[in-house]
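A look at the structure
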Amino acid sequence: MTKKEKPEELLPMGRPTAYKEEYDVQAMKLCLLGATDERLANFFEVSVTTINTWKEKYPNFLLSIREGKEEADANVAHALYNRALGYSHPHDHISNFQGEITVTPTTKHYAPDTGAAFIWLKNRSNWKDKQEVEHSGEVVTFNMDFTGNNPQTTK
């Protein structure tokens, strides 16, 4: 019996995949560092279309990318949140006086940042950069001469 007679034994079409299981861990680590799908494609030396195909074909690859991106986004959101509210953290001040090194435990304070608060609210509460105002009715302008005479109204 030849292969043509058994449809269940058809040979796969196209080039063999370049995907390897170790790409799961690599993709997650890259996404933790902020990598986009374009950067993943560049790192693995494939196209973005191939990255998308791997996501569909290899569930662990997709899961790794999602976990990496979600954790990175959560870390940035947490840092932005702290910056918006202001925060403090322990800090060791190291000084050298006449050849003697001194370590003094202190606390560093950071004031709230209105820019960070605005970004947080914009992303979380649908704040807008601008307000749109509609005008209705006629616009009236006044022309004055510099002699002190009464203004003339024009429309």
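All of the points below concern the structure found in this document.

Cut-offs used in this document
- Residues numbered from 1 in each chain as written.
- Predicted model: local features only at pLDDT ≥ 70, side-chain atom pairs only at ≥ 80, totals over all residues.
- Heavy atoms only, no water.
- Helix = DSSP H or I, 4+ residues; strand = E, 2+ residues; numbered from the N terminus.
- Contact = heavy atoms within 4.5 Å.
- Buried < 20%, exposed > 50% of the residue type's maximum accessible area, 1.4 Å probe, protein only.
- Arc of directions from axis to C-beta.
- Salt bridge = Lys/Arg side-chain N within 4 Å of Asp/Glu carboxyl O.
- Axes fitted to C-alpha atoms, helices over the stretch in contact; angles between N-to-C directions.
- Parallel < 35°, antiparallel > 145°, perpendicular 65-115°, else oblique.
- Left-handed = near helix turned anticlockwise from the far one by under 90°.
- Nonpolar A, V, L, I, M, F, W, Y, C, P; charged D, E, K, R; others polar.

Here we look at the environment of Thr 114
For Thr 114, the position within the fold is in helix α5 (residues 114-125). With 31 residues separating them in the primary sequence, Thr 114 and Arg 83 have C-alpha atoms 8.8 Å apart.

Comments concerning the environment of Leu 80
Turning to its location among the elements, Leu 80 is positioned in helix α4 (residues 59-85). For the pair formed by Leu 80 and Ala 117, sequence separation is 37 residues and the distance between their alpha carbons is 7.8 Å. When neighbours within four sequence positions are excluded, Leu 80 is seen to be in contact with Ala 116, Ile 119 and Trp 120.

With respect to helix α2 (residues 37-44)
Along α2, the residues that are buried comprise Asp 37, Leu 40, Ala 41 and Phe 44. Taken around the axis of α2, the buried residues stretch over an arc of 100°, which confines them to a single face. Exposed residues pointing more than 90 degrees away from the buried face of α2 are listed as Glu 38, Arg 39 and Asn 42. Against α1 (23-32), α3 (48-57) and α4 lie the buried residues of α2. After α2 finishes, the residue Glu 45 shows a positive phi value of roughly 60°.

Thoughts on the pattern of salt bridges
Under the defined criterion, the tally for this structure stands at 3 salt bridges. Across the salt bridge formed by Asp 37 and Lys 69, the nearest N and O atoms sit 2.8 Å from each other. Of this pair, Asp 37 sits in helix α2 while Lys 69 sits in helix α4; the two residues are 32 residues apart in sequence, bridging distant segments of the chain. Given the relative accessible area of 27%, Lys 69 is considered partly exposed. Residues Asp 113 and Arg 83 are paired through a salt bridge, measuring 3.7 Å at the closest nitrogen-oxygen approach.

Comments concerning unusual backbone geometry
For Glu 45, which is not glycine, the phi dihedral falls at a positive 60°. Look at Gln 98: it is not a glycine, yet its phi comes out positive at around 50°. Residue position: Gln 98 is located in the loop between β1 (87-97) and β2 (100-110). We classify Gln 98 as exposed; its relative accessible area is 73%.

Things to note about the side chain of Asp 24
Mapped onto the elements, Asp 24 comes out in helix α1. Look past the residues within four positions of Asp 24 in its chain and what remains in contact with it is Tyr 19, Asn 60, Phe 61 and Ser 64.

As for the packing of α1 against α2
Following both chains from N to C, one finds α1 and α2 inclined at 135°, their axes separated by 11 Å at the closest point. Looking at the two axes, α1 sits oblique to α2. In this structure, α1 meets α2 at a crossing whose hand is right-handed. Contact residues: Tyr 23, Gln 26, Ala 27, Leu 30 and Cys 31 in α1; Leu 40, Phe 43 and Phe 44 in α2.

Quick notes on the packing of α3 against α4
In contact at an axis separation of 5 Å, α3 and α4 are set at 110° when each is read in the N-to-C sense. The angle between α3 and α4 places the two elements in the roughly perpendicular class. Here Ile 51, Trp 54, Lys 55 and Lys 57 of α3 come into contact with α4, specifically with Pro 59, Phe 61, Leu 62 and Ile 65. Split by residue class, the contact of α3 with α4 holds 6 nonpolar, no polar and 2 charged.

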